[in-house]
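# Coordinate analysis (summary)
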Amino acid sequence: MSRAKKWVQYFLSHRLVTMELINKIDEAHYDYKPTPTSMTAKQLATHMLFSFYNFANTAKHGDPALFRQKIEDPETNLAKLAETYTEKTKQLIQSMSDDDFDRTLDLTSIFGVQIPAKQFLQMAMDHEIHHKGQLFVYVRDMGHTDLPLFVKRG
């Protein structure tokens, strides 16, 4: 199995849970935040979706400027946005060759390091997992009790 296929499976094992959580957020709760200094539910969800896309785009193309790319999407429905950016991110990862995963990315201007693309994608996954945990808290506090496990297997 190619590295890209393995990474897509790994990505989806977490992203499908993120999408389940996002699908539980009614539009009336988009502005919900658990504390005054927290992101709103909409901000948190879009941050997760757009960030992983930017990580993957940077890993694929090797251009650090892509990481700081500001995404403006007119879609206001979080579930539709999650579908769109999950597919876009999946396509980027699928398009990576085995050699792309070993390419060193010069991210000194952003993170002060040069790292392989595979390690940068792992940072993206760690970021997703961190915020997915927060999203569980948001959704639970919105009254949802039927929540998925933290990862989809199989």
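### Here we look at the overall build of the protein chain
Along the backbone of the protein chain there are 5 helices and 2 strands. Reading the protein chain from its N end, one meets helices and strands in the order α-α-α-α-β-β-α. At 16 Å, the protein chain has a C-alpha radius of gyration in line with the 15 Å of a compact globule built from 154 residues. Expressed as lengths along the three principal axes of its C-alpha atoms, the size of the protein chain is roughly 45 × 35 × 25 Å.

### A look at the environment of alanine 41
One can find alanine 41 in helix α2 (residues 41-61). You can call alanine 41 buried: its relative accessible area is 0%. Expressed as a C-alpha distance, the spacing of alanine 41 and glutamate 27, which sit 14 residues apart in the sequence, is 9.7 Å. When neighbours within four sequence positions are excluded, alanine 41 is seen to be in contact with Ile25, His29, Tyr30, Tyr32, Leu78, Tyr138 and Met142.

### Re the packing of α2 against helix α3 (residues 78-94)
At their nearest, the axes of α2 and α3 sit 9 Å apart, and the two run at 15 degrees to each other. The orientation of α2 relative to α3 falls into the category roughly parallel. The way α2 lies across α3 gives a crossing that is left-handed. Across from Ala41, Lys42, Ala45, Thr46, Leu49, Phe50, Phe52, Tyr53, Ala56, Asn57, Lys60 and His61 in α2, the residues of α3 making contact are Leu78, Leu81, Ala82, Tyr85, Lys88, Thr89, Leu92 and Ile93. Its residues assigned to classes, the contact of α2 with α3 shows 13 nonpolar, 4 polar and 3 charged.

### With respect to the nonpolar core
Within the largest apolar cluster, 46 residues are counted, with the highest numbers of intra-cluster contacts made by Ile25, Ile93, Phe120 and Leu121. Counting residues per element, the ones that place at least two in this core are α1 (3-23), α2, α3, β1 (104-107) and α5 (117-141).

### Things to note about the packing of α1 against α3
Running from N to C, α1 and α3 point in directions that differ by 175 degrees, and their axes come no closer than 10 Å. Accordingly, the angle class assigned to the pair α1 and α3 is roughly antiparallel. Residues Ala4, Trp7, Val8, Phe11, Leu12, Arg15, Met19, Ile22 and Asn23 of α1 lie in contact with α3, whose contacting residues are Leu78, Ala79, Ala82, Glu83, Tyr85, Thr86, Thr89, Lys90, Ile93 and Gln94.

### Digging into the environment of phenylalanine 50
Mapped onto the fold, phenylalanine 50 is located in helix α2. Taking the C-alpha atoms as reference, phenylalanine 50 lies 9.3 Å from alanine 82; in sequence the two are 32 residues apart.

### A few points about the pattern of salt bridges
Within this structure, the stated rule accounts for 8 salt bridges. Here glutamate 20 ties to lysine 152 by a salt bridge, and the two come within 2.4 Å at their closest N and O atoms. On the criterion of sequence distance, the pair formed by glutamate 20 in helix α1 and lysine 152 in the segment after α5 is long-range, its members being 132 residues apart. Using a relative accessible area of 36% as the deciding quantity, one classes lysine 152 as partly exposed. In this structure, the salt-bridge partner of glutamate 72 is lysine 70, at a minimum N-O distance of 3.8 Å.

### As for the side chain of arginine 15
As for its placement among the helices and strands, arginine 15 is situated in helix α1. Contact partners of arginine 15, with chain neighbours within four places excluded, come to Met48, Leu49, Phe52, Tyr85, Thr86 and Glu128.

### So, the pairing of β1
The two faces of β1 differ: Leu105 and Leu107 on one face are buried, but Thr104 and Asp106 on the other face are not. For β1 and strand β2 (residues 113-116), the ladder comprises 4 bridges, and the chain directions are antiparallel. Looking across to β2, one finds that aspartate 106 is bridged to glutamine 114. The antiparallel hairpin formed by β1 and β2 contains 5 residues in its connecting segment, where glycine 112 sits at a positive phi of about 75 degrees.

Cut-offs applied
- Residues numbered from 1 in each chain as written.
- Predicted model: local features only at pLDDT ≥ 70, side-chain atom pairs only at ≥ 80, totals over all residues.
- Heavy atoms only, no water.
- Helix = DSSP H or I, 4+ residues; strand = E, 2+ residues; numbered from the N terminus.
- Rg over C-alpha atoms; globule rule 2.2 N^0.38 Å.
- Buried < 20%, exposed > 50% of the residue type's maximum accessible area, 1.4 Å probe, protein only.
- Contact = heavy atoms within 4.5 Å.
- Axes fitted to C-alpha atoms, helices over the stretch in contact; angles between N-to-C directions.
- Parallel < 35°, antiparallel > 145°, perpendicular 65-115°, else oblique.
- Left-handed = near helix turned anticlockwise from the far one by under 90°.
- Nonpolar A, V, L, I, M, F, W, Y, C, P; charged D, E, K, R; others polar.
- Core = buried A, V, L, I, M, F, W, Y, C linked by side-chain atoms within 4.5 Å.
- Salt bridge = Lys/Arg side-chain N within 4 Å of Asp/Glu carboxyl O.
- Pairing = 2+ DSSP bridges.

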